[in-house]
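Working through the structure, step by step
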Amino acid sequence: MIWAGILAGGGFVAGAIALFSVGPTGMALSALALGLGMGGVASLASGPTGFACLAGLGAAAALLVFVSGRLTWLDASDSLLGAGLVTDRPRVFGVRSLRGILGAAGLFAARLLSGHLAAGTVATQGPGFACLFVFEVGLIRIGTGRGPAELGLGGLCAGMGAAAFLLLSAPGSSLAVAVLASGVPALALVALGRATPWETSA
């Protein structure tokens, strides 16, 4: 129970990092945090294999996004989308404030949903709550994102949350499904992690 709570807390921290990060470095750190956080949650039911699956994907995506500034062939954003400008978003109030408000609402909604999970035992309800929160962070990033990189991060949040929940609630599930759910958006984030415009402040 204590260990489950600690790993669920790691999932919430990963979601918070992904909720507020900006720029290419923020994309890389978010990918790493999501992999470790959601991998820890998945390991409660799927063991080291579930952890290695998600943590490995997150770490690989983070590394590739980070080094794409030096290895330009990894950055496919120009060839896919063309060049763009680094811009600041016109706003009534900061986008981080908006994300904070939406994140609080998402946290409340995820808590309500986690109380009705079919797999919602005492051991999995908290970690399931974390998975739902990370999934909702993905929707928030997609809805508030300025550029393609943030849409990629939103997809990775949603994919990691869904994959971790699958591995948590159905330990016998094929790892291929989890890899597909999180691996496709991870590839998108690697390709678009340095795409502009991105927000220079929030």
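Residues numbered from 1 in each chain as written. Predicted model: local features only at pLDDT ≥ 70, side-chain atom pairs only at ≥ 80, totals over all residues. Heavy atoms only, no water.

This brings us to the packing of helix α2 (residues 23-67) against helix α6 (residues 148-169). For the pair α2 and α6, the least separation of the axes is 10 Å and the interaxial angle reads 10°. With respect to their mutual orientation, α2 and α6 come out roughly parallel. Looking at the contact of α2 with α6 residue by residue, the classes come out as 19 nonpolar, 6 polar and 1 charged. (Axes fitted to C-alpha atoms, helices over the stretch in contact; angles between N-to-C directions. Helix = DSSP H or I, 4+ residues; strand = E, 2+ residues; numbered from the N terminus. Parallel < 35°, antiparallel > 145°, perpendicular 65-115°, else oblique. Nonpolar A, V, L, I, M, F, W, Y, C, P; charged D, E, K, R; others polar.)

Before going further, it helps to examine helix α1 (residues 2-20). For α1, built from 19 residues, the straight-helix expectation of 27 Å at 1.5 Å per residue is met to within 8% by its first-to-last C-alpha distance of 28 Å. Of all the positions in α1, only A4, L7, A8, G11, A14, G15, A18 and L19 are classed as buried. The arc enclosing the buried residues of α1, seen along the axis, measures out at 140°, which places them on a common side. The exposed residues of α1 that point more than 90 degrees off its buried face are I2 and W3. (Expected span 1.5 Å × (residues − 1). Buried < 20%, exposed > 50% of the residue type's maximum accessible area, 1.4 Å probe, protein only. Arc of directions from axis to C-beta.)

This part covers the side chain of S30. Relative to the assigned elements, S30 resides in helix α2. In this structure, S30 is in contact with I17, A18, S21 and L153, ignoring residues within four places of it in sequence. (Contact = heavy atoms within 4.5 Å.)

Ranked by internal contacts, the top residues of the largest apolar core, which has 37 residues, are L34, M38, L54, L156, C157 and L189. Secondary structure elements with two or more residues in this core: α1, α2, α5 (122-144), α6 and α7 (175-192). For L34, the residues in contact, after removing those within four places along its chain, are A14, A18, G39, V134, L153, L156, C157 and M160. (Core = buried A, V, L, I, M, F, W, Y, C linked by side-chain atoms within 4.5 Å.)

Attention shifts here to the pattern of salt bridges. Taken as a whole, this structure holds 1 salt bridge when the rule is applied. In this structure, E150 engages R141 in a salt bridge whose closest nitrogen and oxygen atoms are separated by 3.2 Å. Look at R141 and you get buried, because its relative accessible area is 0%. (Salt bridge = Lys/Arg side-chain N within 4 Å of Asp/Glu carboxyl O.)

Now for α2. With 45 residues, α2 ought to run about 66 Å at 1.5 Å a step, yet its terminal C-alpha atoms sit only 14 Å apart, falling short of that. The axis of α2 is deflected most strongly, by about 150°, at S46, and proline P48 appears within four residues downstream. (Bend = angle between axes of the 7 residues up to and from the residue.)

Here we take up the packing of aromatic side chains. Applying the stated criterion across every chain, the model contains 2 aromatic pairs. Judged by centre distance (4.8 Å) and plane angle (75°), the rings of F12 and F129 are edge-to-face. Of this pair, F12 sits in helix α1 while F129 sits in helix α5, and the two are 117 residues apart along the sequence. Arranged with centres 5.8 Å apart and planes meeting at 45°, the rings of F12 and F133 form a pair that is tilted. One end of the pair, F12, is in helix α1; the other, F133, is in helix α5, and 121 residues separate them in sequence. Taking relative accessible area as the criterion, F12 reaches 22% and is therefore assigned partly exposed. Put simply, the rings of F12, F129 and F133 pair up and form one aromatic cluster. (Phe/Tyr/Trp six-rings, centres within 6.5 Å; stacked < 30°, edge-to-face > 60°.)

Structurally, S46 can be placed in helix α2. The exposure class assigned to S46 is buried, which follows from its relative accessible area of 16%.

Considering the arrangement of structural elements, one finds V41 in helix α2. Judged by its relative accessible area of 0%, V41 falls in the buried class. In the structure, V41 is positioned 30 residues away from G11 in sequence and 6.8 Å away in space, judged by C-alpha atoms. Contacts of V41, omitting those with residues within four sequence positions, involve L7, A8, P127, C131 and L168.

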